[in-house]
Amino acid sequence: MNLSRVILAVVFAVTSASSMAVSADQKNNKSDARFGQNIQLGPRPYFLVNDMEKSDLKKALQQCSEGPFYKSDFSIGHRGAPLQFPEHTQESYEAAARMGAGIVECDVTFTKDKELVCRHSQCDLETTTNILETNLAGKCSVQPDLGSETPYKNVSCCTSDITLAEFKTLKGKMDAGNRNAKTLSQFMNATASFRTDLYSSKGTLLTHRESIRLFKKLGVKMTPELKSASVAMPFNGFTQQAYAQKMINEYKMEGVPAKNVYPQSFGLEDVRYWIANEPKFGKQAVYLETLDVPEQVPAAITKLPSLAAEGVKIVAPPMWVLVTLDANNKIVPSEYARAAKAAGLEIITWTIERSGLLKNGGGYYYQSITDGIKSDGDMMVLLDVLAQDVGIMGIFSDWPATVTYYANCMNLK
């Protein structure tokens, strides 16, 4: 952490507490209060800061422990707050807003009657809802093979298998499914050990338009992700272009300004469609990069200037693509990060708080810096490099309180 950054953070936290209470509280929390939102972060950010090794960054983060805390667009609720709440449910979204997420995500897919709903995948109902415990299980694309020792190995239940009315009868649960289970109970009760089922008794599913109305009520901006269809398109006459347009139309119908919406897709054609046909929304369209292993990164770097040339403003690769380790195992910006900035592109990244305990290196999201990860506290070190050295404009989190805490400490809006 460089000296100027430390000075900024400490001075802001120590000498500006009262002015922060005025400026942040009045300028930011005034809008939060209007929506009944008193930002609360809980104990986790403090745990992570305390878990850090001694450093100037740790001291800076400790100095702002008493807040006040306010909403930040730097903090993006990934599917809400799915570390502990069933993803893409009203309860998960409300938790994200309470933790100061300034932007919240609805992944958008469609039902059999071509209505838009919030689900991470078109075909994930068997792991994210109670559909297998209902009569709607008989409508699943791939039903359980009850003659097999592992009847749920290949089960697949899609939103396009059921109507909107049927979808709304389901209840959201923590995303999990034991594919080797012998019984339905074993399949359903498979939540990862670093998550919890304590808040899954009531997972209220939402349509896309219902999510918009909720987000307006909560006073947050919106980042809908148009999901790749799992069925052949066109679907009963519903083309990919009509799908992309319908998503935007629902924001227009609900009176949401384009400046409050960040439409996103892993499909470059969707982003191109918005740029060409909905330029106000396309201006903030986010191209999500599908990058799973290091071998895919060079081609992605080569493509960056052409993306900028055709009007893409924001790219969103996974976290690991933006960072690497130097000779001293210090986290530093990657070649991709430098190339994206050189091309004039803004950057959003994903997903922090999605890996459980980091004692073993963090897995997929931390694969480029595994040798530099020693504890959960290193999450804050990574976050600092992404914010200050890479210069990202925001980050998705499964527990927005962590990012909100950092954003408040560093006076990020």
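Student: Sorry, what's going on with the state of the cysteines here?
Tutor: Cysteine pairs can be linked by a disulfide, which is a covalent bond between their two sulfur atoms. Under the criterion given, the structure shown has four disulfides. Put simply, Cys 106 and Cys 118 are joined by a disulfide, and their sulfur atoms are 2.1 Å apart. Around the S-S axis, the bridge from Cys 106 to Cys 118 shows a dihedral of about -105° and counts as left-handed. Of the two residues, Cys 106 sits in strand 2 (residues 101-110) while Cys 118 sits in strand 3 (residues 116-118), which places them 12 residues apart along the sequence. On the basis of relative accessible area, Cys 106 is assigned to the buried category, the value being 1%. For Cys 118, a relative accessible area of 0% corresponds to the buried category.

Student: Please clarify how unusual backbone geometry should be interpreted in this entry.
Tutor: The phi torsion of most residues other than glycine is negative, and most of the peptide bonds are trans. The omega torsion across Gly 67 and Pro 68 is 5°, close enough to zero to call that bond cis. Relative to the helices and strands, Pro 68 is located in the loop between helix 4 (56-63) and strand 1 (72-77). The omega torsion of the bond from Trp 350 to Thr 351 falls at -10°, within 30 degrees of zero and hence cis.

Student: What is the right way to look at helix 15 (residues 335-342) in this model?
Tutor: Residues spaced three or four apart along an α-helix point in a common direction, a consequence of the helix completing one turn every 3.6 residues. Residues of helix 15 that are buried include every one of Tyr 336, Ala 337 and Ala 340, and no others. Each buried residue of helix 15 sits inside an arc of 100° when the element is viewed along its axis, so together they form one side. Of the exposed residues in helix 15, the ones pointing more than 90 degrees away from its buried face are Glu 335, Arg 338 and Ala 342. Where helix 15 is buried, its residues touch helix 13 (297-309), strand 7 (314-316), helix 14 (319-322), strand 9 (331-333), strand 10 (346-352) and helix 16 (378-390). The opening residue of helix 15 is Ser 334, an N-cap whose side-chain oxygen sits 3.3 Å from the backbone nitrogen of Tyr 336. With its phi angle positive at about 80°, Gly 344 sits one or two positions after the end of helix 15.

Student: Would you mind going over the pattern of salt bridges with me for this structure?
Tutor: Pairing between side chains becomes possible if they bear opposite charge and their charged atoms approach one another. Tallied over the full model, the rule gives 17 salt bridges. We note a salt bridge from Glu 210 to Lys 168, for which the minimum N-O separation is 2.8 Å. Separated by 42 residues along the polypeptide, Glu 210 in helix 9 (residues 208-218) and Lys 168 in the loop between helix 7 (164-167) and helix 8 (184-188) bring together distant segments of the chain. For Glu 210, a relative accessible area of 26% translates into the label partly exposed. Given the relative accessible area of 34%, Lys 168 is considered partly exposed.

Student: Sorry, what's going on with the environment of Tyr 262 here?
Tutor: Note on placement: Tyr 262 falls in the loop between helix 10 (240-253) and strand 5 (264-265). Separated by 169 residues in sequence, Tyr 262 and Tyr 93 have C-alpha atoms that sit 16 Å apart. Those residues in contact with Tyr 262, other than ones at most four positions away along the chain, are Ile 103, Lys 221, Met 222, Thr 223, Pro 224, Gln 284, Val 286, Ile 314 and Met 393.

Student: What's the story with the pairing of strand 2 in this structure? I'm lost.
Tutor: In the case of a regular strand, side chains alternate between the two sheet surfaces. Burial runs high along strand 2: 10 of the 10 residues are buried. Both strand 1 and strand 2 contribute to a ladder of three bridges, which runs parallel. Its bridge partner being in strand 2, Gly 77 is matched across the sheet by Val 104. Following the backbone out of strand 1, through helix 5 (residues 90-98) and into the adjacent parallel strand 2, one traces a crossover that is right-handed. Where strand 2 lies against strand 4 (residues 221-226), six bridges are found, and the strand directions are parallel. Each bridged residue has a counterpart across the sheet, and for Glu 105 the counterpart in strand 4 is Thr 223.

Student: Whenever I open this one, the confidence of the model for the chain confuses me. Can you help?
Tutor: A low pLDDT score tells you not to read the predicted coordinates there in detail. Scored by pLDDT, the chain comes out at a mean of 93, with 91% of its residues at no less than 70. Across residues 6-35, where pLDDT falls below 50, the model places 45 contacts with residues more than four positions away in sequence or in other chains.

Student: Where do I start with the packing of aromatic side chains in this structure?
Tutor: To describe a pair of aromatic rings, one takes the distance between the centres and the angle between the planes. Summed over all chains, the structure comprises 15 aromatic pairs. Residues Phe 110 and Tyr 243 carry aromatic rings whose centres are separated by 5.0 Å and whose planes lie at 85° to one another, so their mutual orientation is edge-to-face. Of this pair, Phe 110 sits in strand 2 while Tyr 243 sits in helix 10, placing them 133 residues apart in sequence. Given the relative accessible area of 0%, Phe 110 is considered buried. Relative to Tyr 364, the ring of Trp 320 has its centre 6.4 Å away and its plane inclined at 75°; by these criteria the two rings are edge-to-face. One end of the pair, Trp 320, is in helix 14; the other, Tyr 364, is in the loop between strand 10 and helix 16, and 44 residues separate them in sequence. Given the relative accessible area of 29%, Tyr 364 is considered partly exposed. Each member of the aromatic cluster is reached from another via a ring pair, and the members are Phe 266, Trp 320, Trp 350, Tyr 364 and Tyr 365.

What counts and what doesn't
Each chain has its residues counted from 1, running along the sequence as written. Per-residue local features are limited, in this predicted model, to residues with pLDDT of at least 70; the limit for side-chain atom pairs, both in listing and counting, is 80 or more; totals at the level of whole chains, interfaces and linings are taken over all residues. Each side-chain value is derived from all of the structure's non-hydrogen atoms; neither hydrogens nor water enter the calculation. Two cysteine sulfur atoms make up a disulfide if the distance between them is within 2.5 Å. Counting from the N terminus, the helices are DSSP H or I runs at least four residues long and the strands are E runs at least two residues long. In this scheme, a residue with accessible area under 20% of its type's maximum is buried, one over 50% is exposed, and one in between is partly exposed, where area comes from a 1.4 Å probe on protein chains only. By construction, the arc corresponds to the directions joining the helix axis to the C-beta atoms. Every residue pair with non-hydrogen atoms within 4.5 Å of one another is taken to be in contact. Two N or O atoms count as a polar contact when they lie within 3.5 Å, although within protein this holds only if one can serve as hydrogen donor and the other as acceptor, and sequence-adjacent residues are included solely when both atoms are side-chain atoms. Within this document, salt bridges are pairs made up of a side-chain nitrogen of Lys or Arg and a carboxyl oxygen of Asp or Glu, the two lying within 4 Å of each other. Strands were regarded as paired on the criterion that DSSP finds at least two bridges between them. Look down the strands so they point away from you; if the path from the first strand over the helix to the second goes clockwise, the crossover is right-handed. Here pLDDT means the predictor's own confidence in every residue, given as a number from 0 to 100. Pairing of aromatic side chains requires ring centres within 6.5 Å, counting the rings of Phe and Tyr and the six-membered ring of Trp. Pairs whose planes differ by under 30 degrees are stacked, by over 60 edge-to-face, and all others tilted.

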